[in-house]
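Understanding the architecture of this molecule
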Amino acid sequence: MDLAKEEKCEFLPFLSPKQVHEKDGQIRGMEFYRTEQDETGNWVEDQEQSVTLKANFIISAFGSGLTDPEGTESQQHHRSRKNHKFSKTCVV
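The text that follows walks through the structure, step by step, so that each part is easy to find. In this text, all values refer to a predicted model and were calculated from it rather than measured experimentally. (Residues numbered from 1 in each chain as written. Predicted model: local features only at pLDDT ≥ 70, side-chain atom pairs only at ≥ 80, totals over all residues. Heavy atoms only, no water.)

Each helix and strand in the protein chain was counted, giving two helices and five strands. Order of helices (α) and strands (β) in the protein chain, N terminus to C terminus: α-β-β-β-β-α-β. In the protein chain, buried positions account for 20% of the 92 residues. Here the contacts in the protein chain between residues at least 6 apart in sequence split such that 48% fall between residues at least 24 apart. Element-wise, carbon and sulfur atoms account for 48% of the exposed surface of the protein chain, whose accessible area totals about 7500 Å². (Helix = DSSP H or I, 4+ residues; strand = E, 2+ residues; numbered from the N terminus. Buried < 20%, exposed > 50% of the residue type's maximum accessible area, 1.4 Å probe, protein only. Contact = heavy atoms within 4.5 Å. Areas by Shrake-Rupley, 256 points an atom, 1.4 Å probe, with all protein chains shown as cover.)

Counted according to the given criterion, the structure contains one aromatic pair. Note on Phe 14 and Trp 43: the rings are 5.4 Å apart at their centroids and 20° apart in plane angle, and the pair reads as stacked. Pair noted here: Phe 14 is in the loop between helix H1 (2–6) and strand E1 (15–23) and Trp 43 is in strand E3 (residues 43–54), with a separation of 29 residues, a long-range link. Classification of Trp 43 as partly exposed rests on a relative accessible area of 48%. (Phe/Tyr/Trp six-rings, centres within 6.5 Å; stacked < 30°, edge-to-face > 60°.)

This part is about the pattern of salt bridges. Summed over the entire model, instances satisfying the criterion amount to one salt bridge. Lys 18 serves as the salt-bridge partner of Glu 31, at 3.3 Å between the closest nitrogen and oxygen. A residue pair is termed long-range when its members are at least 10 positions apart, and Glu 31 in strand E2 (residues 26–37) and Lys 18 in strand E1 qualify at 13 residues. Glu 31 sits in the buried class, given a relative accessible area of 9%. (Salt bridge = Lys/Arg side-chain N within 4 Å of Asp/Glu carboxyl O.)

For the rest of this paragraph, the subject is the environment of Met 1. The residue Met 1 is located in the segment before H1 in this model. Judged by its relative accessible area of 65%, Met 1 is exposed. With ten residues separating them along the chain, Met 1 and Phe 11 place their C-alpha atoms 9.9 Å apart.

The pairing of E1 with E2 spans eight bridges and is antiparallel. Bridge assignment links His 21 to a residue of E2, and that residue is Gly 29. Linking two consecutive strands that pair antiparallel, namely E1 and E2, is a turn of two residues; a positive phi of about 55° is found at Asp 24 within it. (Pairing = 2+ DSSP bridges.)

Bringing unusual backbone geometry into the picture now. Even without being a glycine, Phe 14 presents a positive backbone phi close to 65°. The phi torsion at Asp 24 lies on the positive side, around 55°, for a residue other than glycine. Positionally, Asp 24 belongs in the loop between E1 and E2. Residue classification places Asp 24 among the exposed residues on the basis of a relative accessible area of 71%.

As structure tokens, then:
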């Protein structure tokens, strides 16, 4: 975590991935739902609150996983590209 802070990573807690935005076959951003804790202590997505971040690369981290078949297929396509310069990255 300290290294990420040194690298000027921005931490945005309480967000749950919703959708990857693409244009012309390239990642352009990622949309998230805000999450909140209910009365019983469970974390739930508030689908009335969403946040979209610009990105052209997404890294799955912190034990997260991608289970949606469409997203998995898209991720495989983007992994195979080489010599691409990335300016913004979402770590999920």
